[in-house]
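# An overview of the molecular structure
One letter stands for each residue in the lines below.
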Amino acid sequence: MYFSKYNIFSKIRNSDDYYLVNLLSGNADILQPVKANEILNGNYGDIQEYLEKGYLIDENEEKKIYMNKYLEFIENRDKDEVQIFFVPWYACNFGCAYCYQSGYDLEKQSISKEVIDAFFSYVKKEFAGKRKYITVFGGEPLLPAEASRKSIEYILQQATENGLDTALVTNGFSLKEYTPLLTKYRIREVQVTLDGLGEVHNTRRPLKNGGETFAQIVEGIDEALANKININLRVVIDKENLNSLVDLSKFAVEKGWTNSQYFKTQLGRNYELHYCQSSQSRLFTRLEFYEAIYSLIEGHPEITEFHKPAFSVSKFLFDNGELPAPLFDDCTGCKTEWAFDGSGHIYACTATVGKKGEELGTFYPTVNKANDLIKLWEERDVTTIPECKSCNLQLACGGGCASIAKNRTGTLASPDCRPITQLLEMGISHYFCEK
Ligand code: SF4
Ligand code: SF4
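In short, a report on the structure. (Residues numbered from 1 in each chain as written. Chains lettered and ligands numbered in written order. Predicted model: local features only at pLDDT ≥ 70, side-chain atom pairs only at ≥ 80, totals over all residues. Heavy atoms only, no water.)

### Some thoughts on a nonpolar patch on the surface
Side chains of I30, F318 and F432 sit close together on the surface and give an oily, nonpolar patch of about 270 Å² of accessible area. On the secondary structure map, F318 appears in helix α11 (residues 314–320). (Patch = residues over 30% accessible without salt bridge, like charges linked within 9 Å, V, L, I, M, F, W, Y side chains within 5 Å. Areas by Shrake-Rupley, 256 points an atom, 1.4 Å probe, with all protein chains shown as cover. Salt bridge = Lys/Arg side-chain N within 4 Å of Asp/Glu carboxyl O. Helix = DSSP H or I, 4+ residues; strand = E, 2+ residues; numbered from the N terminus.)

Dropping the structure here:
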């Protein structure tokens, strides 16, 4: 018997108690200090309880369970819906200070029917029999130019004809104008970004000519919600706008957005992807980001009306009363996510789309796939990344993002570590401890 290598054990933030979580056995417990001391000293009072919960287990037995759960994971992922990103162009009417696409071709604002047809024909053939949907991404897909509008309409028509839902990722500036068009098609959701109220947002996300954008985006969100279009509001956060989350939350509540069944939110950490940020010092590390959100929510619990952070598996456990299945891979690239752009290239996902050297083939003018490169993406999970194999956090972390890992180490089969232990310290405190 040994103390399972998948146990995650630590002290809960702002509490004398500890937590013990095991994603392989699916058990989680809050332990009082007396019990926690048993673990710290390796001297267990009630061994039976630890055995029943898989915290203590025979190593060979555990290997078998691990293998079965891994096969289950792969089987379930095969049945998952595939998200297919399509970037018609990289042009954008915004000049966001932190844009990671600022080094891309920004001229083209429309796309030919021929390329769109080639894209849908590829999707039909290559993803036959799979559940799937399209996400139109940019650049900015909803540009005001007539040629852009025609291209977007043709994409939406083709998606609908192929029986596919479409999601859109937009800066929201032309959302109001586009809403009548969107209501004609199968729109799953529209992701829009606001980085705070008025001046905070306008400074971070101005038009290319410096013009303000906040008020017009808010009108677009109102219009979309009134037309029953799902809005996924994203807030990109760094040290400069963290505190504006308090006002933005209040604003969304007062607007009635948070009461709408068509409204949800996500927080994004501003981080360096490919191009140097103008001001690196304002970026949070992943851990700093969650630490900052945790502290902000402690002081302003009303933020949770706007957004409830995941803190690794903590929120899932709170909402569902059980842990999620073990996560052998958290990177969807080339598995349940692909990206395509107007130049006819194929990529693994949104983090690599348009980046020179990350092409995995073409769908136009001819179909070509770099199968050896694709295989490297497909094979990357916690069973193939050397560092992850022996990591006790692997089934909550899943090896992180392949693109970030590759940017850092030059190789895909390398880890992008998530601060799981600390996230659980905060998350279990936030969701399970009386304040
Ligand atoms: S490489 Fe990163 S961004 Fe792309 S699918 Fe994987 S985790 Fe997501
Ligand atoms: S990426 Fe890092 S934290 Fe995550 S499983 Fe691998 S080694 Fe562990």
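On we go from here.
### Concerning the sheet that holds strand β3 (residues 18–22)
What the 3 strands build is an open sheet, ordered β2-β3-β4; its pairing is antiparallel. Edge strands, defined here as strands with exactly one partner in the open sheet, are β2 (7–11) and β4 (27–31). The mean inter-strand angle of the sheet, taken between neighbouring strand axes irrespective of direction, is 10°. Across the sheet, helix α1 (residues 33–41) lies against β2, β3 and β4, angled at about 115° from β4, the strand it touches most. (Pairing = 2+ DSSP bridges. Axes fitted to C-alpha atoms, helices over the stretch in contact; angles between N-to-C directions. Contact = heavy atoms within 4.5 Å.)

### As for the packing of helix α4 (residues 113–126) against helix α5 (residues 146–161)
Two numbers describe how α4 lies on α5: the axes approach to 10 Å, and their chain directions differ by 25°. The pairing of α4 with α5 is recorded here as roughly parallel in orientation. Here α4 runs over α5; the crossing is right-handed. Contact residues: K113, I116, D117 and F120 in α4; S151, Y154, I155, Q158 and A159 in α5. Its residues assigned to classes, the contact of α4 with α5 shows 5 nonpolar, 2 polar and 2 charged. (Parallel < 35°, antiparallel > 145°, perpendicular 65-115°, else oblique. Left-handed = near helix turned anticlockwise from the far one by under 90°. Nonpolar A, V, L, I, M, F, W, Y, C, P; charged D, E, K, R; others polar.)

### Observations regarding the packing of aromatic side chains
For any pair of aromatic rings, geometry is given as the distance between the ring centres together with the angle between the planes. In this structure the tally under the stated criterion is 27 aromatic pairs. Judged by centre distance (5.9 Å) and plane angle (70°), the rings of F94 and F173 are edge-to-face. Linking F94 in the loop between β6 (82–87) and α4 with F173 in the loop between β8 (166–170) and α6 (175–182), this pair joins segments that are 79 residues apart in sequence. Taken as a pair, F94 and F173 share a single burial class, namely buried. When the ring of F214 is compared with that of F251, the centres are 5.7 Å apart and the planes differ by 55°; the resulting orientation is tilted. Placement of F214 in helix α8 (residues 214–226) and of F251 in helix α9 (residues 244–254) is noted, with a sequence separation of 37 residues between them. Each member of the pair F214 and F251 is classed as buried. (Phe/Tyr/Trp six-rings, centres within 6.5 Å; stacked < 30°, edge-to-face > 60°. Buried < 20%, exposed > 50% of the residue type's maximum accessible area, 1.4 Å probe, protein only.)

### Considerations on the pattern of salt bridges
Following the criterion strictly, the structure yields 25 salt bridges and no others. Measuring nitrogen to oxygen at the nearest pair gives 3.4 Å for the salt bridge that ties E153 to K184. Here K184 lies in the loop between α6 and β9 (187–193) and E153 lies in helix α5, a separation of 31 residues in the sequence. You can call E153 partly exposed: its relative accessible area is 22%. Residues K375 and E379 are paired through a salt bridge, measuring 3.2 Å at the closest nitrogen-oxygen approach. One end of the pair is K375 and the other is E379, both in helix α12 (residues 371–379) and 4 residues apart, which spans about a single turn. Shared partners join several salt bridges into a network, and the residues in it are D195, R204, D238, E240 and R282.

### Some remarks on the environment of D329
If you trace the backbone, D329 turns up in the loop between α11 and β12 (337–341). Relative accessible area serves as the criterion here: at 5%, D329 is assigned to the buried category. Among the polar contacts listed, one links the side chain of D329 to the side chain of R77, at a separation of 2.7 Å. (Polar contact = N/O pair within 3.5 Å; in protein donor to acceptor, adjacent residues only side chain to side chain.)

### A look at helix α3 (residues 59–79)
For α3, built from 21 residues, the straight-helix expectation of 30 Å at 1.5 Å per residue is met to within 8% by its first-to-last C-alpha distance of 31 Å. Among the residues of α3, those classed as buried are E62, Y66, Y70, F73 and R77. The arc that holds every buried residue of α3, seen down its axis, measures 80°, which confines them to one face. In α3, the exposed positions angled more than 90 degrees off the buried face are occupied by N60, K64, E75 and K79. Packing partners of the buried residues in α3 comprise β1 (2–3), β5 (56–57) and α14 (394–397). (Expected span 1.5 Å × (residues − 1). Arc of directions from axis to C-beta.)

### As for the site of ligand 2
With respect to spatial proximity, the complete set of residues near ligand 2 consists of E387, C388, C391, Q394, C397, G399, P415, D416, C417 and R418. Among the secondary structure elements, those contributing two or more residues to the shell around ligand 2 are α13 (386–389) and α14. For the shell around ligand 2, the per-class residue count stands at 5 nonpolar, 2 polar and 3 charged. (Near = heavy atom within 4 Å.)

### Focus: the layout of surface pockets
Roughly 390 Å³ of internal volume is contained in the second largest pocket. If one sorts the elements of the lining of the second largest pocket by residue count, α3 sits on top with 5 residues. Across the lining of the second largest pocket, the residue classes break down as 11 nonpolar, 6 polar and 7 charged. (1 Å grid on protein atoms, 1.4 Å probe; cavity = no way out; pocket = protein on both sides within 12 Å on 5 of 7 lines; lining within 4 Å. Points joined across faces, edges and corners; volume = space filled by probe spheres on them.)

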